[in-house]
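Here's the letter readout for the chains.
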Amino acid sequence: MAFSFFLSRLRQSSSSKSISRYIQTSIYLNHTPQSQSQTLKTTITINNNSNNQSWIARLLPILLTVSGGSLALQLQKPPSLCDDSNLHQRGVRIGGKDSTEQVVKGAYKPVPQELVHELKSICQDNMTLDHDERYFHGKPQYSFHKAVNIPDVVVFPRSEDEVSKIVRACNNYKVPIVPYGGATSIEGHTLSPNGGVCIDMTLMKNVKALHVKDMDVVVEPGIGWMELNEYLAPYGLFFPLDPGPGATIGGMCATRCSGSLAVRYGTMRDNVINLKAVLADGEVVKTGSRARKSAAGYDLTRLMIGSEGTLGVITEVTLRLQKIPEHSIVAMCNFPTIKDAADVAIAAMLSGIQVSRVELLDEVQVKAINLANGKDLPEVPTLMFELIGTEAYTREQTLIVQKIVSEHNGSDFVFAEDAETKKELWKIRKEALYACLAMAPECEAMTTDVCVPLSQLAELISKSKQKLDASPLLCTVIAHAGDGNFHTVILFDPEDDGQRKEAERLNNFMVHAALSMEGTCTGEHGVGTGKLKYLEKELGIEHLRTMKKIKAALDPNDIMNPGKLIPPHICL
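Note that the coordinates shown come from a computational prediction; the quantities given were computed from them, not determined experimentally. (Residues numbered from 1 in each chain as written. Predicted model: local features only at pLDDT ≥ 70, side-chain atom pairs only at ≥ 80, totals over all residues. Heavy atoms only, no water.)

K.L.:
Explain helix 5 (residues 131–138) residue by residue, including any values.
P.N.:
In an α-helix there are 3.6 residues to a turn, and that puts residues three or four apart on one side. Turning to helix 5, its buried residues are R134, H137 and G138. One side of helix 5 carries all its buried residues, which in axial view fall inside an arc of 100 degrees. Check the buried side of helix 5 and you find it contacts strand 6 (153–155), strand 7 (177–180) and strand 8 (197–200). Two or three places before D132, at the start of helix 5, stands the capping residue D130, its side-chain oxygen 3.2 Å from that residue's backbone nitrogen. (Buried < 20%, exposed > 50% of the residue type's maximum accessible area, 1.4 Å probe, protein only. Helix = DSSP H or I, 4+ residues; strand = E, 2+ residues; numbered from the N terminus. Arc of directions from axis to C-beta. Contact = heavy atoms within 4.5 Å. Polar contact = N/O pair within 3.5 Å; in protein donor to acceptor, adjacent residues only side chain to side chain.)

What follows is the structure, given as structure tokens:
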């Protein structure tokens, strides 16, 4: 192709008395998959004031060489823009392999005024350019993660149609978008490293349909799980997932969260029947019917759950509901070591007892709870159980738990049945993070979670606890011990580089220890930007390339929450 192009140009110019041509060939060379592509520019300048025939004859070998090289190089892949070194030279750092960057950097491009006008026509007064509002949306409330940029515009859609129009407009201008819910995520999911448009979904919080006989409900993504359960209570139903206070259903789907009740009811993946999402081109897709099970087609519901806004913006969710238990008992007991507590959690699960929660708190976390709530709980490793069923059944199961506790160095076994006491106990557990922050208000919290097969939990917690106790930083341990998921809150001064590196060291130890036990770098918090660097070790390069292919197919312009979930060094 290149050779015939040059010959045709030569024929067109052969009648000219004076020929001067400037031929420039840019050739991209990939030396290694990991290195930045190099650009080679070859310039050939030829002047001919004599015989055109001899000029062509002299030039022909050069043309053959250049065109042949061009033809060969056309068969090579174009330069990779997702290469680690390339990103580093462009100043883009979004948590790739081995990254320890605290501030997430990105490639900023101002939002065109034409897009701002389009958004204004779509959202009317439900959008803002105010700096304080944009800063608030660009910095997660309970996360130490930061980005060098904040969103340029924040929009507050009221309907699925508005979301579709917003996303389509952003895609037309290739402007990144970041979905935003309750802002309770802690791994940098809502950061806007490239600026762009933040889509705040909190105005879309309606219950669209409740099917009591089918035990399901259709909701918009902005409704919180706590508000939903208040709505459902008069019908004797509840939605069983219980992450941090303030979490919304849309964000819970996006991060594939769970909570303390997951040991009995499963995670978000198990409790969503279907959903609707707006794809990058503005198209709305519904992922399934309301049937409790289906073997029809790809499981797009599960694809979207845990996609962290990188594939679409969730606009509607159909949730599986449960009956409010007839009776429940909350039991607490204390242990001399955290390993003893973890051993009891494992033994209780192996006994076949139908527990709905098994929560583990270390002595530092109990101290934080005492200080924040004016309590006087024994400041030792503590287990909290919840058992549900009939009154007779729960009391029988409580006696079995008490026996297991006594066989593993447990003490001070107490239980509560009255509603107010149980509510208060779970309230202080749910507010554990706030209690930690109150212990050191000048610090930020690096809150991280890992999950391992249940049989490995005691060893992992024991090893991690030794590292945490030896650290100069204030650290607490909280675990959903019934399913092998445990968290630590590491408090550090964000202005002290040494403390930040120490917090990162502890985080790295926990994650790598979990991975060595066939576990995961995150049981329920999600990846965001904070856990990107661990994904290749956990999932493998082939898995990540498959994710990249799905992302490229559904979002070719990479506008959907860019820089999250897929490490930047993964190339196709």
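K.L.:
Tell me about the pattern of salt bridges, and please be specific about residues and values.
P.N.:
When their charged atoms lie close together, side chains carrying opposite charge are able to pair. By the definition in use, this model includes 29 salt bridges. Two residues, D161 and K165, come together in a salt bridge whose shortest N-O distance is 3.2 Å. One end of the pair, D161, and the other, K165, are both in helix 6 (residues 160–172), four residues apart, so they sit about a helical turn from each other. In this structure D161 comes out as partly exposed when scored by relative accessible area, which is 44%. Relative accessible area serves as the criterion here: at 41%, K165 is assigned to the partly exposed category. (Salt bridge = Lys/Arg side-chain N within 4 Å of Asp/Glu carboxyl O.)

K.L.:
Could you give an account of the nonpolar core, with specific residues and numbers?
P.N.:
With 56 residues, the main nonpolar core has L360, L383, F385, L460, I461 and F486 as its most contacted residues. Residues in contact with I461, not counting those within four places in the same chain, are I338, A342, L360, A479 and F486. (Core = buried A, V, L, I, M, F, W, Y, C linked by side-chain atoms within 4.5 Å.)

K.L.:
Give me the packing of aromatic side chains: which residues, what numbers.
P.N.:
This structure, assessed with the given rule, holds three aromatic pairs. Ring centres of F238 and Y265 lie 5.8 Å apart, and the angle between their planes is 85 degrees; this geometry places the pair in the edge-to-face category. On the criterion of sequence distance, the pair formed by F238 in strand 11 (residues 237–238) and Y265 in helix 9 (residues 262–265) is long-range, its members being 27 residues apart. On the basis of relative accessibility, which here comes to 14%, the residue F238 falls in the buried class. Judged by relative accessible area, Y265 falls into the buried class, the value being 14%. We note R357 situated over the ring of W426; from NZ or CZ to the ring centre the distance is 4.3 Å. It is K467 that lies over the ring of F509; its NZ or CZ is 5.1 Å from the centre. (Phe/Tyr/Trp six-rings, centres within 6.5 Å; stacked < 30°, edge-to-face > 60°. Lys NZ or Arg CZ within 6 Å of the ring centre and 35° of its normal.)

K.L.:
Requested: an account of the packing of helix 12 (residues 338–350) against helix 17 (residues 457–470), with residues and values cited.
P.N.:
It is the contact of helix 12 with helix 17, at a shortest axis distance of 9 Å, that shows an interaxial angle of 160 degrees. Relative to helix 17, the element helix 12 lies roughly antiparallel. Note that helix 12 runs across helix 17; the crossing there is right-handed. In contact with I338, K339, A342, D343 and I346 of helix 12, helix 17 contributes L457, A458, I461, S462 and K465. A class-by-class count of the residues in the contact of helix 12 with helix 17 yields six nonpolar, one polar and three charged. (Axes fitted to C-alpha atoms, helices over the stretch in contact; angles between N-to-C directions. Parallel < 35°, antiparallel > 145°, perpendicular 65-115°, else oblique. Left-handed = near helix turned anticlockwise from the far one by under 90°. Nonpolar A, V, L, I, M, F, W, Y, C, P; charged D, E, K, R; others polar.)

K.L.:
Break down the layout of surface pockets for me, citing the residues and quoting the values.
P.N.:
Within this model, the second largest pocket holds a volume of roughly 1,100 Å³. In terms of lining residues, the second largest pocket is bounded by 30 residues, among which W225, N229, R357, K423 and W426 are the most central. Those elements that provide at least two residues to the lining of the second largest pocket are helix 7 (225–232), strand 11, strand 16 (327–334), strand 17 (355–361), strand 18 (382–389) and helix 15 (419–430). The element best represented in the lining of the second largest pocket is helix 15, accounting for seven residues. Considering only residue class, the lining of the second largest pocket consists of 16 nonpolar, four polar and ten charged. (1 Å grid on protein atoms, 1.4 Å probe; cavity = no way out; pocket = protein on both sides within 12 Å on 5 of 7 lines; lining within 4 Å. Points joined across faces, edges and corners; volume = space filled by probe spheres on them.)

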